[in-house]
Amino acid sequence: MLAKKCQTPERDDSAVPTQWKRSPEELHKTYIANTEAFYRAAGRGLAGEMDKFCSDCALQLFARSASLGQEHVDALNALYSKGQPKPAWLLWALSTAVSESGEFLPPLFFWALTEQDARQGTDCSRVFIRMLTNILLCLAAADDDVTYAEAEYITECGEKLTALCDSAGVKPGKPSLKAGDFVTSAERPFTEKASAAAAAALQGGEKTVAQAAPEAEGEKPDLDQLLAELDGLVGLETVKKDVKSMMNLIKVRKLRQEAGLPVAPMSLHMVFTGNPGTGKTTVARLIGGLYAAIGALSKGQLIEVDRSGLVAGYVGQTAIKTQEVITSALGGVLFIDEAYALAAGGENDFGREAIETLLKGMEDHRDDLVVIVAGYTDLMEQFLSSNPGLESRFNKYIHFPDYDGQQLNAIFHGLCKKNGYVLDEEGEVFSQEYFDSLYEGRDENFGNGRDVRNQFEDMILRQADRLASMEEPTKEDLALLTKADFLPSPEN
């Protein structure tokens, strides 16, 4: 139960990460300092749920680390509140749990906290977001490095929780630390680098993660596995065909080179057009791995940015910031979402400087860098026509169409399966009707796969409300989603 009255707690500034690596004892003190402030606001009865939630977040975060080792085990074992049992993770168990970790979902107690804040005019839920950001940054630095993927995960957690605060009407609060400001490494996540053989050895206890990761790092991505992942994407048949055609062209070009035959110049840079939520980032990541697997790129990592990741606020700083991003992407794919924003500010806008720096980087590293720019179709055409250099370097367009009702339903069922949920018979029928209606009634704000994920998360909340009236829900109850979970109840 939440405390009846919630006052905004004072935050211990010593809990803010000021050094990269902390001992397990220091991390535990940081965790206690943050959680105690939260319990003073929300009640100590949430301690067990809080520890479980933070441990789950740690597993999802470590999946995005460059490697796993004993330092991650020690960090996870430091996450326990006063009066709660101390965890006893071992390395082999951690590696398995990290590999099986799911996606971030806000905890149920946070929803209740936002509603309480809205009623009482407090901002405890926003303080919680700042505290969680602090804890996750310390966890990310357990190996003395914070990767882009870890920073993206921390940012995603904050954004999802902030959206709940905004929707509930919680008053504004101080902003959290920006995880992207603490990135020190562009290495790919552990789960992407580990080969199937290494993963099997890890689960069998034959090697520690720390031993296996360096061996896996030098290996090329598994071509068959990546192709299977590409083929497994819902819809996007034309996109899949275009990607495979590009791969065939690269393979034949290499064969001609080896045979001493002339080869025509070829640009690997691409333009992705289409609405949000159509899988552009996912395909960009797969292209990086696939190109590395066939030798067109040396590493295959994906670095994703938008205008804010390239443009600085002072004269001369944008070129430096953009060059740093390019350097981090060498050997892989630099994916620039909503790229048209770089050219939207006029001739004196710093976005122009980012474009010029980007063009130079593409020329200097044309043999080991793929740049993919993405955005709405019309706006991308305007962006490319804003600079002759852009038109000459981006000559391959791939369009991502909206998902239809059947495809949206398939994406939804994939989320259910991944997270351990099933629909009852009535829910199965209504599911297709619901997503057909969503597609047919779409407007300019239609989010495709993002709308499906939002619907799934809303349904988890409604299911929780439905199950709250049961004294002892069974395992089957906990896994079951019904027609009633699709839409808010009439009294809401």
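Definitions and cut-offs
- Residues numbered from 1 in each chain as written.
- Predicted model: local features only at pLDDT ≥ 70, side-chain atom pairs only at ≥ 80, totals over all residues.
- Heavy atoms only, no water.
- Helix = DSSP H or I, 4+ residues; strand = E, 2+ residues; numbered from the N terminus.
- Buried < 20%, exposed > 50% of the residue type's maximum accessible area, 1.4 Å probe, protein only.
- Contact = heavy atoms within 4.5 Å.
- Areas by Shrake-Rupley, 256 points an atom, 1.4 Å probe, with all protein chains shown as cover.
- Polar contact = N/O pair within 3.5 Å; in protein donor to acceptor, adjacent residues only side chain to side chain.
- Core = buried A, V, L, I, M, F, W, Y, C linked by side-chain atoms within 4.5 Å.
- Phe/Tyr/Trp six-rings, centres within 6.5 Å; stacked < 30°, edge-to-face > 60°.
- Lys, Arg positive; Asp, Glu negative; His and termini not counted.
- Salt bridge = Lys/Arg side-chain N within 4 Å of Asp/Glu carboxyl O.
- 1 Å grid on protein atoms, 1.4 Å probe; cavity = no way out; pocket = protein on both sides within 12 Å on 5 of 7 lines; lining within 4 Å.
- Points joined across faces, edges and corners; volume = space filled by probe spheres on them.
- Nonpolar A, V, L, I, M, F, W, Y, C, P; charged D, E, K, R; others polar.
- Pairing = 2+ DSSP bridges.
- Axes fitted to C-alpha atoms, helices over the stretch in contact; angles between N-to-C directions.
- Disulfide = S-S within 2.5 Å.

## Quick word on the overall build of the protein chain
From N to C terminus, the protein chain includes 22 helices and 7 strands. In the protein chain, which comprises 492 residues, the proportion classed as buried is 48%. Here the analysis covers contacts within the protein chain between residues at least 6 apart in sequence; of these, 75% occur between residues at least 24 apart. Accessible area for the protein chain stands at about 23600 Å²; split by element, carbon and sulfur atoms hold 51% of it.

## Concerning the side chain of Ser65
Looking at where Ser65 falls in the secondary structure, it is placed in the loop between helix H2 (47-62) and helix H3 (70-76). A distance of 3.0 Å separates the side chain of Ser65 from the backbone oxygen of Ser67, its partner in a polar contact.

## Structural notes on the nonpolar core
By size, the foremost hydrophobic cluster in this structure holds 58 residues, and its most contacted members are Phe38, Phe62, Phe128, Leu136 and Leu139. Elements represented by at least two residues in this core include exactly helix H1 (24-42), H2, H3, helix H4 (91-99), helix H5 (108-120), helix H6 (124-140) and helix H7 (148-168). Sort the elements by how many residues they give to this core and H6 lands first, with 12 residues. Residues Leu226, Leu230, Leu297 and Leu481 belong to the second largest nonpolar core, which totals 47 residues.

## Section: the packing of aromatic side chains
Within this structure, the stated rule accounts for 17 aromatic pairs. Between Phe110 and Phe128, the ring centres sit 5.4 Å apart and the planes meet at 45°, which makes this aromatic pair tilted. You can see Phe110 sitting in helix H5 and its partner Phe128 sitting in helix H6, a full 18 residues away along the chain. An identical accessibility class is assigned to Phe110 and Phe128; each is buried. When the centroid spacing of 5.3 Å and the interplanar angle of 70° are considered together, the rings of Phe430 and Phe486 count as edge-to-face. With a gap of 56 residues between them, Phe430 in helix H20 (residues 425-440) and Phe486 in the segment after strand S7 (480-481) connect regions that are remote in the sequence. By relative accessible area, which is 15% here, Phe430 ends up buried. Taken together, Phe412, Tyr421, Phe430, Tyr434, Phe435, Phe456 and Phe486 form an aromatic cluster joined through their ring pairs.

## As for the environment of Asp443
Take Asp443: it is sitting in the loop between H20 and helix H21 (449-467). Of the polar contacts made by the side chain of Asp443, one reaches the backbone nitrogen of Asn445; its length is 2.9 Å.

## Structural notes on the side chain of Asp51
Inspection of the secondary structure puts Asp51 in helix H2. Buried charged residue Asp51 carries no salt bridge. Nearest counter-charge: Arg44, at 8.3 Å.

## So, the layout of surface pockets
Approximately 1100 Å³ is the volume found for the second largest pocket. Lining the second largest pocket we find 34 residues, and of these Lys52, Asp56, Leu105, Tyr421 and Ile460 sit closest to its centre. Every element with two or more residues in the lining of the second largest pocket is listed here: H2, H5, H21 and helix H22 (475-479). The biggest single contributor to the lining of the second largest pocket is H2, with 7 residues. Class assignment of the residues belonging to the lining of the second largest pocket gives a composition of 20 nonpolar, 6 polar and 8 charged.

## Some remarks on the pattern of salt bridges
Going through the model one piece at a time under the given rule, you end up with 15 salt bridges. Taking the shortest distance from any N to any O, the salt bridge between Asp56 and Lys52 comes out at 2.7 Å. Here Asp56 pairs with Lys52, and both are found in helix H2, just 4 residues apart, close to one helical turn. For Asp56, a relative accessible area of 28% corresponds to the partly exposed category. Between Asp485 and Arg466 there is a salt bridge, with its nearest N and O atoms 2.8 Å apart. One end of the pair, Asp485, is in the segment after S7; the other, Arg466, is in helix H21, and 19 residues separate them in sequence. One network of salt bridges, with partners in common, ties together Arg64, Glu103 and Lys418.

## Focus on the sheet that holds strand S2 (residues 302-305)
Note on sheets: strands pair through backbone hydrogen bonds, and any given pair is parallel or antiparallel. If you walk across this open sheet you meet the 5 strands as S2-S3-S4-S1-S5, and the pairing is parallel. Every interior strand has two partners, whereas the edge strands, S2 and strand S5 (396-400), have only one. With direction set aside, neighbouring strand axes in the sheet form an average angle of 20°. Sheet topology note: the strand S1 (residues 270-274)/strand S4 (residues 370-375) ladder contains 4 bridges and is parallel. Within the sheet, the bridge partner assigned to Val271 lies in S4 and is Val373. The strands touched by helix H17 (residues 377-385) are S1, S4 and S5; relative to S1, the strand with the most contacts, the crossing angle is about 150°.

## What about the state of the cysteines?
Under the definition given, this model contains 0 disulfides. Of the cysteine sulfurs around Cys54, a residue in no disulfide, the closest is that of Cys57, at 6.1 Å.

## Considering the pairing of strand S3 (residues 333-337)
Burial of S3 is extensive: 5 of the 5 residues sit out of reach of the surface. Along S3, one buried face is formed by Val333, Phe335 and Asp337 and the opposite face, lined by Leu334 and Ile336, is buried too. In terms of strand pairing, S2 meets S3 through 4 bridges, oriented parallel. For Val305, the partnering residue across the bridge sits in S3 and is Ile336. Direction of pairing for S3 relative to S4: parallel, over a ladder of 5 bridges. Within the sheet, the bridge partner assigned to Leu334 lies in S4 and is Val371.

## A few points about the environment of Val73
Relative to the assigned elements, Val73 resides in helix H3. Val73 sits 21 residues away from Leu94 along the chain, and the two C-alpha atoms are 6.9 Å apart. When near neighbours in sequence (up to four residues on either side) are disregarded, Val73 contacts Trp89, Leu90, Leu91 and Leu94.

That's the geometry; what it means functionally is another story.
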